[in-house]
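# Overview (structure and organization)
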Amino acid sequence: MTTALSLESVTLTYPDGDRALTALDEVSLTVAPGELVAVAGPSGSGKSSLLAVAATLLSPDAGRVVVAGRETTGMSGRDRTALRRERVGIVFQQANLLPSLTAAEQLLAVAHLRGANVREERARAEELLESVGLDAAKRRRRPHQLSGGERQRVNIARALFGGPSVLLVDEPTSALDHERGERVMALLAEVTRTHRTATVLVTHDRGLLGHADRVLTMRDGRLS
Ligand code: ADP
Ligand code: MG
């Protein structure tokens, strides 16, 4: 079977004056399709760095990163970007939605960039937004007309729109109250099953981990 996502002994350092700061210290992690792995850990422990490496946005100093069965070590920047576009969905803390576009258009803007037929993609965008809980009226709204939880739903739908094998989610509930956070977590568990993504979700909030298949802890760049 193809490995959806695998990190093997990944070490990542950042320059820090004359020295180097070790953000990831021999981190290994394999995630199967349809599995939701949560990584909890305090601020500064390396959670966002882990996602950046898994997303192939940063190359590790050592170790291997396999995305959708492809070994990314030594891949050109262009190939890496293509792999990321086709196979990786990313949900950041802030939704980063375009202010002038409706919810449905946020998804279609991605399709347009990929050169797809926008008309054909519209029905799929509407369907995906419906599946994350946005009714027809909400799908016509712009980001400022939606609540924080609804914006995060659009964000999740946008990440899923390209049919990723890997879904990477960074602190998705940090801007939400507990109840809305809980519902976004339930949604992420649901889309992980229905879209068969290998999902990694990082958070410093341990109270929201009940929906994960596995919970790991990050501390000082080490995963356990
Ligand atoms: P978390 O997401 O758990 O808060 P990060 O992965 O953002 O942790 O950061 C891990 C460590 O790496 C921290 O000590 C942080 O200050 C440092 N760090 C993160 N990004 C950079 C960067 N671009 N340059 C230098 N140091 C960084
Ligand atoms: Mg972070």
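Owing to the predicted nature of the structure, the values given are computational and were not obtained by experimental measurement.

## Thoughts on the overall build of the protein chain
Of the regular secondary structure elements, the protein chain holds 7 helices and 10 strands. Taking 17 Å as the expected radius of gyration for a compact globule of 224 residues, we find that the protein chain reaches 17 Å, a close match to that expectation. Taking the principal axes of its C-alpha atoms as reference, the protein chain extends roughly 50 × 40 × 40 Å. By the burial criterion, 47% of the 224 residues in the protein chain qualify as buried. Taking contacts inside the protein chain between residues at least 6 apart in sequence as the whole, the part at least 24 apart equals 71%. On the protein chain, roughly 11000 Å² of surface is accessible, and the fraction owed to carbon and sulfur atoms is 47%. With 29 positive and 27 negative side-chain charges, the protein chain shows a spacing of 4 Å between the two charge centroids.

## Notes on the sheet that holds strand β1 (residues 5-16)
Strand order across the open sheet formed by 4 strands is β2-β1-β4-β5, with antiparallel pairing between neighbours. Each edge of the sheet is formed by a strand with only one pairing partner; in this case those strands are β2 (19-31) and β5 (70-71). Two elements, strand β4 (residues 62-67) and β5, share 2 bridges in a ladder whose sense is antiparallel. When the bridges of β5 are listed, V66 appears paired with E71.

## Comments concerning the pairing of β2
Residues in a regular strand point their side chains to alternate faces of the sheet. Alignment of β1 against β2, held across 9 bridges, turns out to be antiparallel. Residue S6 lies in a different strand from β2, and its bridge partner there is T30.

## Description of the sheet that holds strand β6 (residues 88-91)
Judged by pairing direction, the sheet is mixed, and its 6 strands sit side by side in the order β6-β7-β8-β3-β9-β10 without closing on themselves. The open sheet has two free edges, formed respectively by β6 and β10 (222-223), since each of these has just one partner strand. Taken together, the 2 bridges between strand β9 (residues 214-219) and β10 define a ladder with antiparallel strand orientation. Residue pairing for β10: M218 is matched across the bridge by L223. Most of the contacts of helix α1 (residues 47-54) go to strand β7 (residues 166-170), to which it runs at about 155 degrees, and overall it touches β3 (36-40), β7, β8 (198-203) and β9.

## Description of the environment of S59
If you trace the backbone, S59 turns up in the loop between α1 and β4. Dropping the residues within four chain positions of it, S59 is found in contact with L12 and R80. There is a polar contact of 3.2 Å between the side chain of S59 and the side chain of R80.

The rules we used
- Residues numbered from 1 in each chain as written.
- Chains lettered and ligands numbered in written order.
- Predicted model: local features only at pLDDT ≥ 70, side-chain atom pairs only at ≥ 80, totals over all residues.
- Heavy atoms only, no water.
- Helix = DSSP H or I, 4+ residues; strand = E, 2+ residues; numbered from the N terminus.
- Rg over C-alpha atoms; globule rule 2.2 N^0.38 Å.
- Buried < 20%, exposed > 50% of the residue type's maximum accessible area, 1.4 Å probe, protein only.
- Contact = heavy atoms within 4.5 Å.
- Areas by Shrake-Rupley, 256 points an atom, 1.4 Å probe, with all protein chains shown as cover.
- Lys, Arg positive; Asp, Glu negative; His and termini not counted.
- Charge placed at Lys NZ, Arg CZ, Asp CG, Glu CD.
- Pairing = 2+ DSSP bridges.
- Axes fitted to C-alpha atoms, helices over the stretch in contact; angles between N-to-C directions.
- Polar contact = N/O pair within 3.5 Å; in protein donor to acceptor, adjacent residues only side chain to side chain.

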